[in-house]
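Fold and contact review
What follows is each chain in one-letter form.
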Amino acid sequence: MTTARPVRLGPRSVLALALVSAVGVVAFGWPLLADPGSGLAHSADAPWLFAALLPLLVAVVVATIADSGMDAKAVAMLGVLAAVGAALRPLGAGTAGLEPMFFLMVLSGRVLGPGFGFVLGSVTMFASALLTGGVGPWMPFQMLSMGWFTMGAGLLPGAGRLRGRAEVLMLGAYGAVAAFVYGTIMNLQGWTYIGGLSSGISFRPGDPVHDNLVRFLAYCAATSFGWDLGRAALTVVLTLTVGSTVLKALRRATRRAAFEAPVAFEGAAGGAAGPAGPVASGGPIASEGPADPDRGPGSGLSPDPGRGPGGTPTA
């Protein structure tokens, strides 16, 4: 049986991912370097980030398809997984950080690879925002963060070799760590909104980056640690309990979608591919399935079960 492998990253895919990630880093980090009074509200830059993010996501998909030779079935599978992830998000309603969509993003990123994983995470977050009414200046930042979250699962080692319990444990550990990283990155987006307040953990525009980062870590510990802990715990529990089953289902689906399916030229020893097709041999082609007990030894040469080896109609 052919083993389903994640979609490999080609040079164009790497370039597209590097470009969209660079845009994301600038979008999240520029307030730390901005002067006081420069207008730090992300509500002003969010529309521009969203406008830049959409064509970059399309570029990642196109580059991945061009590098790996996939067809429309792979894109259709991407859409199905995004719809399932968007439907999972409202189930937890964000209560105490319990969001079941995160475990699906970990497993999907592992199977699809970093390129399609990044796009899947971003598109899933966009679709879920439309579904739950969560559209706002935070949405493009959530799309970037979830894209990185899913891409990270696709970059984990042992994609073609590691299977079974060891793989599930690794994905559970990654899900726990990445859940906290996701929450921390999103805090950086929202933290700048409270700049200028008298609180000791608020953002102070114009202060040294080191001082602001210390206050930022204190802000994360005081405000979002509990939410991130709930997200991490649910991701680990779901990954360890149903992760193996979901991984098998996803890999079976990728095989049927012919992700990176090689062209095989088959034939008997000494045979060569002729002009009539890619398969040529000097003898009969063996059937893939079990032999039919109701047909004789020469039935493999006769396409019609109602005729004998010489082509004479049988009773």
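This text goes with the structure placed above it.
In this report, the structure presented in the accompanying data block is examined. All residue numbers refer to positions counted from 1 along the written sequence of the respective chain. Local features in a predicted model are, by the rule used here, given only for residues with pLDDT of at least 70; side-chain atom pairs are given and counted only at 80 or more, and totals for whole chains, interfaces and linings are based on all residues. To obtain the side-chain values, all non-hydrogen atoms of the structure were used and water was disregarded.

Moving on, we get to the overall build of the chain. Numbering of helices and strands runs from the N terminus, with a helix taken as a DSSP run of H or I at least four residues long and a strand as a DSSP run of E at least two residues long. Of the regular secondary structure elements, the chain holds nine helices and zero strands. Listing the helices and strands of the chain from first to last along the sequence gives α-α-α-α-α-α-α-α-α. Per-residue accessibility, obtained with a 1.4 Å probe over protein chains only, is compared with the maximum for each type, and a residue is labelled buried under 20%, exposed over 50%, and partly exposed between these values. Within the span of the chain, comprising 315 residues, buried residues form 41% of the whole. It only takes one pair of heavy atoms within 4.5 Å for two residues to be counted as in contact. The long-range fraction of contacts in the chain, counting pairs at least 24 apart against all pairs at least 6 apart in sequence, stands at 75%. Shrake-Rupley sampling with a 1.4 Å probe provides the accessible areas, and residues are treated as covered by the protein chains on show and by no other component. Working note: accessible area of the chain is about 16,000 Å², and carbon and sulfur atoms make up 68% of it.

Turning our eyes to something else, we now look at the pattern of salt bridges. Two side chains of opposite charge can pair, provided their charged atoms sit close to one another. What counts as a salt bridge is simple: a side-chain nitrogen of Lys or Arg found within 4 Å of a carboxyl oxygen of Asp or Glu. Taken as a whole and assessed by the stated rule, the structure comprises six salt bridges. Among the ionic pairs, E99 bridges to R89, the shortest N-O distance being 3.7 Å. Taken together, the residues E99 in the loop between helix 3 (72-92) and helix 4 (101-112) and R89 in helix 3 connect sequence positions 10 residues apart. Pair check on accessibility: E99 and R89 agree, each one buried.

For any two helices packed against each other, the geometry comes down to the angle between their axes and how far apart the axes lie. One can describe the packing of helix 4 onto helix 9 (residues 225-256) by two numbers: an axis separation of 7 Å at closest approach and a directional angle of 40 degrees. Between helix 4 and helix 9, the crossing angle belongs to the class labelled oblique. The handedness of the crossing between helix 4 and helix 9 comes out as right-handed. Mapping the contact onto sequence places F102, F103, L104, V106, L107, S108, R110, V111 and L112 in helix 4 and R231, T235, L238, T239, V242, G243, V246, L247, L250, R251 and T254 in helix 9. Per-class residue counts for the contact of helix 4 with helix 9 are 12 nonpolar, five polar and three charged. Lines fitted to the C-alpha atoms define the axes, with helices restricted to the stretch that makes contact. Angles between their N-to-C directions range from 0 to 180 degrees. Note on terminology: angles under 35 degrees are roughly parallel, angles over 145 are roughly antiparallel, angles of 65 to 115 are roughly perpendicular, and the others are oblique. Should the near helix be turned anticlockwise from the far one by less than a right angle, the crossing is termed left-handed; should it be turned clockwise, right-handed. Lys, Arg, Asp and Glu make up the charged group, whereas Ala, Val, Leu, Ile, Met, Phe, Trp, Tyr, Cys and Pro make up the nonpolar group; the residues left over, Gly among them, are polar.

Take the packing of aromatic side chains next. Within 6.5 Å between ring centres, the rings of Phe, Tyr and Trp (the latter by its six-membered ring) count as paired, and their orientation is classed by plane angle as stacked under 30 degrees, edge-to-face over 60, tilted in between. The tally for this structure, following the rule as stated, stands at eight aromatic pairs. Both rings, one in F28 and one in F141, keep their centres 5.1 Å apart while their planes meet at 75 degrees; by these two values the pair is edge-to-face. Here the residue F28 occupies a position in helix 1 (residues 11-33), and F141 occupies one in helix 6 (residues 139-154), the gap between them amounting to 113 residues. Accessibility classification places F28 together with F141 in one group, the buried group. Ring centres of F102 and F149 lie 5.2 Å apart, and the angle between their planes is 85 degrees; this geometry places the pair in the edge-to-face category. Highlighted residues: F102 in helix 4 and F149 in helix 6, separated in sequence by 47 residues. Classification of F102 by relative accessible area gives buried; the value is 0%. On the basis of relative accessible area, F149 is assigned to the buried category, the value being 4%. Clustering of aromatic rings is evident, with ring pairs tying together F102, F149, Y174 and Y182. Consider the ring centre and the ring normal. A charge sits over the ring if Lys NZ or Arg CZ is within 6 Å of that centre and within 35 degrees of that normal. Positioned above the aromatic ring of F102, the side-chain terminus of R231 is 5.2 Å from the ring centre.

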